[in-house]
Amino acid sequence: MSFHVLAGADQQLHFPAVRRIGFADLGAALRLGWRDFWEKPSHLAFLGLIYPLMGAALGIWTAGTNAWPLLFPLISGFALVGPVTVLPLLEMSRRRERGLETTWRSVFDVLRSPAMPSIAAVGLMLLALFTAWLLVAQSLHESLFGPGSPATFTAFLVEILSTPQGTALMLWGSLVGLLFAIVALATSVVAVPLLLDRDVGAAVAVQTSVRAVLRSPVVMAAWGLIVAALLVVGSLPLLVGLAIVVPVLGHATWHLYRRVVQ
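Quantities reported herein were computed from a predicted structural model and do not represent experimental measurements. (Residues numbered from 1 in each chain as written. Predicted model: local features only at pLDDT ≥ 70, side-chain atom pairs only at ≥ 80, totals over all residues. Heavy atoms only, no water.)

A. Inspection of the overall build of the protein chain at higher detail. Across its full length, the protein chain carries 14 helices and 0 strands. The 262 residues of the protein chain split such that 45% are buried. Total accessible area on the protein chain is roughly 13000 Å²; 73% of this is exposed by carbon and sulfur atoms. (Helix = DSSP H or I, 4+ residues; strand = E, 2+ residues; numbered from the N terminus. Buried < 20%, exposed > 50% of the residue type's maximum accessible area, 1.4 Å probe, protein only. Areas by Shrake-Rupley, 256 points an atom, 1.4 Å probe, with all protein chains shown as cover.)

In structure tokens, the structure reads:
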């Protein structure tokens, strides 16, 4: 009860109505996300640098522990917990929409929000999903190549790109990763911004997110592809592009929520 898992702070179940959306709504959400980013680009780019720095830290860690097979699962799987990590960006868009100040201090006041227990519960669910993805990825690699890891990143690339086992790993890894991504999208696409806006409880927020995906499955699938494509583009220049891509997507997620949930 203290984490508002089943219901909100008032212990009542309120199920928000969801709208059917179209592709135009996705474009509008991205435009508004870019507008919010451009309002304070230096602030948001600085905040967004957290993500490429975390990616670089993961790369250094995998190199130091000789765990190259986990590098791609770690970086790609980080998107599974993305809806929670962009919480300050969601709060910035929420405050901007209501005409409130959007200073650093006011934005991080979100950490004292009454909805934080509910958001933490959703975050724990996504963290469990992220952990499961890493375990499955590691098991898949070991089933094809056996225990252990290549000594260098170059050897790892040769192993993946020039052997039948590497081809199988890329194929099955992509399919399994897609399943995890679908689960994450369905359960969290509007869950966190909904809780930030209205503390309806973690279970209701997840259920509302699933209903939103079922209401507009094709459009929501397109949104997932857009997010994945932008994250890939932002990752190409040594992850630096994520300093722009992640803030824009964070703001766009808020505006998509406003178009989906009545």
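B. Up close: the packing of aromatic side chains. This structure, assessed with the given rule, holds 4 aromatic pairs. Aromatic pair W34 and F37: ring centres 5.4 Å apart, planes at 35°, arrangement tilted. With W34 and F37 both in helix α1 (residues 23-39), this residue pair falls 3 residues apart, about one helical turn. Geometrically, the ring pair formed by W254 and Y257 is tilted, given 5.2 Å between the ring centres and 50° between the ring planes. Placement of the pair is W254 and Y257 together in helix α14 (residues 242-260), with a separation of 3 residues, close to one helical turn. You'll find W254 and Y257 in the same group, each marked buried. (Phe/Tyr/Trp six-rings, centres within 6.5 Å; stacked < 30°, edge-to-face > 60°.)

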